[in-house]
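Structure at a glance
The chain contents come next:
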Amino acid sequence: MSAPSAALQRLRLRAELRKARTVARLTQRQVAAKMEWSPSKLIRIEAGEVGVSVNDLRPLLDAYGIRDRRKIEELLDLARGSRKMPYTEYRDLYSKEFLQFLALESSASIVRVYNSLQVPGPLQTEEYGRAIMRAYDKGVADEVIERAVEVRLSRQDMLTSGEREVFYILDEAVLRRQVGGRGVMRAQLERLAELAALPKFTIQILPFSVGGHPGVQGPFTLFEFEADEMPDSLYLENPRGDSYSTSAPEESGRYLERFWELEDLAIKERTVDILKALAARAEEGSDDLMRLLAPAEAA
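Rules used in this analysis
- Residues numbered from 1 in each chain as written.
- Predicted model: local features only at pLDDT ≥ 70, side-chain atom pairs only at ≥ 80, totals over all residues.
- Heavy atoms only, no water.
- Helix = DSSP H or I, 4+ residues; strand = E, 2+ residues; numbered from the N terminus.
- Contact = heavy atoms within 4.5 Å.
- Areas by Shrake-Rupley, 256 points an atom, 1.4 Å probe, with all protein chains shown as cover.
- Lys, Arg positive; Asp, Glu negative; His and termini not counted.
- Charge placed at Lys NZ, Arg CZ, Asp CG, Glu CD.
- Core = buried A, V, L, I, M, F, W, Y, C linked by side-chain atoms within 4.5 Å.
- Buried < 20%, exposed > 50% of the residue type's maximum accessible area, 1.4 Å probe, protein only.
- 1 Å grid on protein atoms, 1.4 Å probe; cavity = no way out; pocket = protein on both sides within 12 Å on 5 of 7 lines; lining within 4 Å.
- Points joined across faces, edges and corners; volume = space filled by probe spheres on them.
- Pairing = 2+ DSSP bridges.
- Nonpolar A, V, L, I, M, F, W, Y, C, P; charged D, E, K, R; others polar.
- Expected span 1.5 Å × (residues − 1).
- Phe/Tyr/Trp six-rings, centres within 6.5 Å; stacked < 30°, edge-to-face > 60°.

Let us now look at the overall build of the chain. Of regular secondary structure, the chain possesses 13 helices and six strands. Overall, the chain is about 70 × 40 × 30 Å in size when its C-alpha atoms are taken along their principal axes. Of the contacts formed within the chain by residues at least 6 apart in sequence, a portion of 71% connects residues at least 24 apart. If you sum the accessible surface of the chain, you get close to 15,400 Å²; carbon and sulfur atoms cover 48% of it. Side-chain charges in the chain split into 43 positive and 48 negative, and the spacing between the mean points of these groups amounts to 6 Å.

In structure tokens, the structure reads:
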């Protein structure tokens, strides 16, 4: 990927500031008192929820005992580059946790997603996106839906451009569920086939025939970053919209192993053909997914 994104620079700065405070053996409360800040300001900076200005960063680094000019300039550059985070204009629409998720997604060099409930946001067509959001809440305003669709399409453009690698595993239920009617579903399946044919963009299907599997515990997303100092990040979301994210190596490692297990169970070959076949049959009712493989197996 090219120059580090604002999100990645903020994440790197956050990690550096936490490390510097730990080395200086200072608590957040002690630092806040030195800086004449409220403790919540430092907590939000270290959590990556807000940026830190150059004017605030200079005395903060002094409080941590950082005197090396090259190191100071490096951190100041990170602060300058991290001011404009992606999707901040949608703060009234999304929670801070989901905005952080979007920031991680925009910065990752590898994205891995498993979903058993719906077509993931960045893969959705406009019509599918509108239909699924109305299914969430029938009273949602049209303006809210249109802004959310804008974000989904922007994420799709971002994921299909550049050098990042993207891996999606979709449960067969995602492809079977008729969201928005058969015409909408046909267009959605056709779009998935187009995406699956792109370089560095992999879509695999987990068929019903595998039975019980590790993914039954729910959808999850994993992000990996080019920067060595950036740990992998795990994001979970339940149907109520509550979210959980962590960079703990043990937990993200467990989910990476789970993703690899699902890859072993998923259909790897002829995914594009299967999606096209499902799309062609969408308006008349699809055949069993595994039957679509029968001609190739017979050959």
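In this structure, Leu 189, Leu 192 and Ile 203 are the most contacted members of the largest nonpolar core, which totals 50 residues. Of all the elements, helix H10 (residues 182-196) adds the most residues to this core, at seven residues. Leaving out residues up to four positions away in the same chain, Leu 192 has contacts with Val 119, Leu 123, Leu 170, Leu 175, Ile 203 and Leu 275.

Right, let's talk about the layout of surface pockets for a bit. Here the second largest pocket defines a volume of roughly 640 Å³. Lining the second largest pocket are 28 residues, and of these Gly 48, Glu 49, Lys 96, Leu 99 and Gln 100 sit closest to its centre. At the level of secondary structure, the elements contributing two or more residues to the lining of the second largest pocket comprise helix H1 (6-23), helix H6 (96-107) and strand S6 (243-246). By residue number, the principal contributor to the lining of the second largest pocket is H6, which donates six residues.

The buried fraction of strand S5 (residues 233-237) is high, at four of five residues. Note that strand S4 (residues 220-224) and S5 share four bridges and pair antiparallel. By the bridge assignment, Thr 221 is partnered in S5 with Tyr 235.

All right, on to empty space enclosed by the protein then. Counted by the stated rule, this structure contains one cavity of 30 Å³ or more. In this model, the largest cavity occupies a volume close to 40 Å³. Considering the residues around the largest cavity, the lining is formed by Arg 10, Leu 13, Arg 14, Leu 17, Ile 45, Gly 48, Val 50, Gly 51 and Val 52. Looking at side-chain class alone, the lining of the largest cavity contains five nonpolar, two polar and two charged residues.

A few words now on the environment of Ile 45. Mapping Ile 45 onto the fold places it in helix H3 (residues 39-46). For Ile 45 and Glu 226, which are 181 residues apart along the polypeptide, the C-alpha to C-alpha distance reads 23 Å. In this structure, Ile 45 is in contact with Arg 14, Leu 17, Trp 37, Val 50, Gly 51 and Val 52, ignoring residues within four places of it in sequence.

It is worth spelling out unusual backbone geometry at this point. Of note in the backbone geometry, Arg 25 takes a positive phi value of approximately 60 degrees without being a glycine. Considering the arrangement of structural elements, one finds Arg 25 in the loop between H1 and helix H2 (28-35). What makes Arg 25 exposed here is its relative accessible area of 75%.

This part is about H1. The first and last C-alpha atoms of H1 sit 26 Å apart over 18 residues, in line with the 26 Å expected at 1.5 Å per residue. Along H1, the residues that are buried comprise Ala 6, Ala 7, Leu 8, Gln 9, Arg 10, Leu 11, Leu 13, Arg 14, Leu 17, Ala 20 and Arg 21. On the buried face of H1, the contacting elements are H2, H3, helix H4 (54-63), helix H5 (69-81) and H6. Phi turns positive one or two residues past the end of H1, at Arg 25, with a value near 60 degrees.

So, on to the packing of aromatic side chains. Each pair of aromatic rings is reported with the distance of its centres and the angle of its planes. Inspection of the entire model under this criterion finds nine aromatic pairs. For the ring pair Tyr 87 and Tyr 90, a centre distance of 6.4 Å and an interplane angle of 50 degrees mean the geometry is tilted. Side by side, Tyr 87 and Tyr 90 carry an identical accessibility label, which is buried. For the pair Phe 220 and Phe 259, a centre-to-centre distance of 6.3 Å together with 80 degrees between the ring planes defines the contact as edge-to-face. Of the two residues, Phe 220 is situated in strand S4 and Phe 259 in helix H11 (residues 249-265); the sequence distance between them amounts to 39 residues.

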